[in-house]
Each structure stands twice: as C-alpha cells, then as structure tokens.
Amino acid sequence: MKIIIVDDDMTSLTCFLKILVNEYDIEYKFFKGDLSCILSYLRANRIDGIFLSLKLDNRNGVDVAKQILSLQKDIKIVFMGEEQVAKQLFMEFKENVLGVCEKPLIVDQIQSYIDVLKSSVSKKISIKTFGSFDVFINQKIIKFISAKAKELFALLITYNGRSLNMSDAICHLWPDKAVELAKRLYRDAIWKLRKTLKEYQILFVVEFKRAQLFLHKQNIECDYWEYLLKPSLAYNGIFLPSYDWSIEFQSELDTIKIKREHFFTI
C-alpha cells in the first residue's frame, strides 16, 4: 500500500513516523505542501491514500485535494485539522473522504485510519466470464440489485479498459427500445450499478461521467483479460452465454483459441 502525508507541521510528521516505522507493508512519502512535487510524484506512482492537512503555510489543503483527485480519482483522503471545517468538505469529496484527524494528532486515531485503508486496498476483485458472469470480492460473490446493472457491468468488462458511452451501451443492452425509453433504462441501470458497487465498497472501480463509463482495471483479475494476453487454452468456448451481444466478442475468442490450438499441435 502506498500513502502520502502532506503537512508542514513537524509535530504531525513525527507522529506519523512513530506509526509507519513499524508498518513494513506501507510505502510512504512526506510532502510539506509543494504542489508541483506532489503532482509529479502522483504521475509516476499510484497512491492508495493521503493524509492531508487543511492548512498549509502557502496553500489551502482543499485546493491540493482537488488537484490530486484530478490525477487519481479513487484516492482515499483523511483530512487533518478542525473537524467542523472538514465536515463541510464531505459533500464535495464524499466518495473519497474517509474521515478527519483533529490536531494535535492522536496516534490511535491515525492508526485506525491506516487500518481502514489497508482493508480497502486488500480487497481482491475477481471476475468470471467464461460461463456465467460473476464478480467476487475476496472469493465472495457480489449480488447485483438489478440484472441490467449486472449486464451493463459485464459489457464494461468486455470493453477491457476502453470507455463505454451511453449510445454503445444502449445499442447492446436495449437495441429494440425507443430512444427515450432506452435512455431512461440506461440511467436506471447506472443508478443501480452505482448503488451495488457502493454497497460493496468498490465504487472506485468505475468512473461515472456524463453518458460515459470508465473502468479502473487495477487490482482486478478477469479470466477474459488474461486469456487475451496469455497463450493459454483455458477458454472453454462459452463466454457470457446469458447476453446476446456477447457473440461479437466471442468470435474473437474463438479465433484466438483455434490459432493457439493449431500452434500447440505443430
């Protein structure tokens, strides 16, 4: 797990060092508030969490948070400062904020937030597409609240990191519906997908934009993606059979399977 601590108060940094010196599975870096250095580091490193002071000598912590989230939208934030001030920020950063550490910092409180971060990062997401479509977190199956929300997520998985726009989603999932009805059904599926992912605390895997979806593939295992990359014969010829649109993706898999079988028999 990687975290950064942004604070120009040496007392606070000393408090963190007391904890992190014994956290061998955490990679950490301190910043005093130099935004250019922070953003440069983020461009080269994927960060799981940030402890961010609301008051820095030459910069507002809120502005720093906005800049950080423009680069990595799923970072979890723990603000450090006055709790009443920080609470007002929860609505603006509600999907990213874990909580607030009041100053002077308390070791036990910091430790509790580090433990929460560890728990969220340790979630192993695995996806099965060869056969029925299922999503697992730490080997426990996710129960989607809507069949169409689940199907929409399956389609996003087959896009393999490419953005999925509303028109493409409608063409695949509601090809025979009138345009306005299809748009309403799409928005309903989006709402239910968000609710499911949020319930299982993995909302960070999908970025919801206006009429567009993006998938963050980090920390996700998927048999479909692995088969495309690796010369394996694990594909059994059955790919998302519940969904009619899967045939266009299955044809590629079948072609790969034939080529690989031919290669291994030579």
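Residues numbered from 1 in each chain as written. Predicted model: local features only at pLDDT ≥ 70, side-chain atom pairs only at ≥ 80, totals over all residues. Heavy atoms only, no water.

Student: Explanation requested: helix H8 (residues 179-199) in the structure shown.
Tutor: Since one α-helical turn is 3.6 residues long, residues separated by three or four positions face the same way. A rise of 1.5 Å per residue sets the reference length of H8, with its 21 residues, at 30 Å; its end C-alpha atoms lie 30 Å apart and thus fit the reference within 8%. Among all positions in H8, only Ala182, Tyr186, Ala189, Ile190, Leu193, Thr196 and Leu197 are buried. For H8, the angular spread of the buried residues around the axis is 135 degrees, confining them to a single face. Among the exposed residues of H8, those oriented more than 90 degrees off its buried face are Lys198 and Glu199. The inward-facing, buried residues of H8 abut helix H6 (147-158), helix H7 (166-173), strand E10 (206-209) and strand E11 (212-215). Just downstream of H8 lies Gln201, where phi reads positive at about 60 degrees. (Helix = DSSP H or I, 4+ residues; strand = E, 2+ residues; numbered from the N terminus. Expected span 1.5 Å × (residues − 1). Buried < 20%, exposed > 50% of the residue type's maximum accessible area, 1.4 Å probe, protein only. Arc of directions from axis to C-beta. Contact = heavy atoms within 4.5 Å.)

Student: Is there a simple way to explain the pairing of E10 in this structure?
Tutor: Regular strands place side chains that alternate from one sheet face to the opposite one. Examined bridge by bridge, E10 and E11 share four bridges and lie antiparallel to one another. Bridging across to E11, Lys209 finds its partner in Gln212. Joining the antiparallel neighbours E10 and E11 is a turn of two residues, in which Ala211 adopts a positive phi near 60 degrees. (Pairing = 2+ DSSP bridges.)

Honestly, it's all geometry; don't read function into it.
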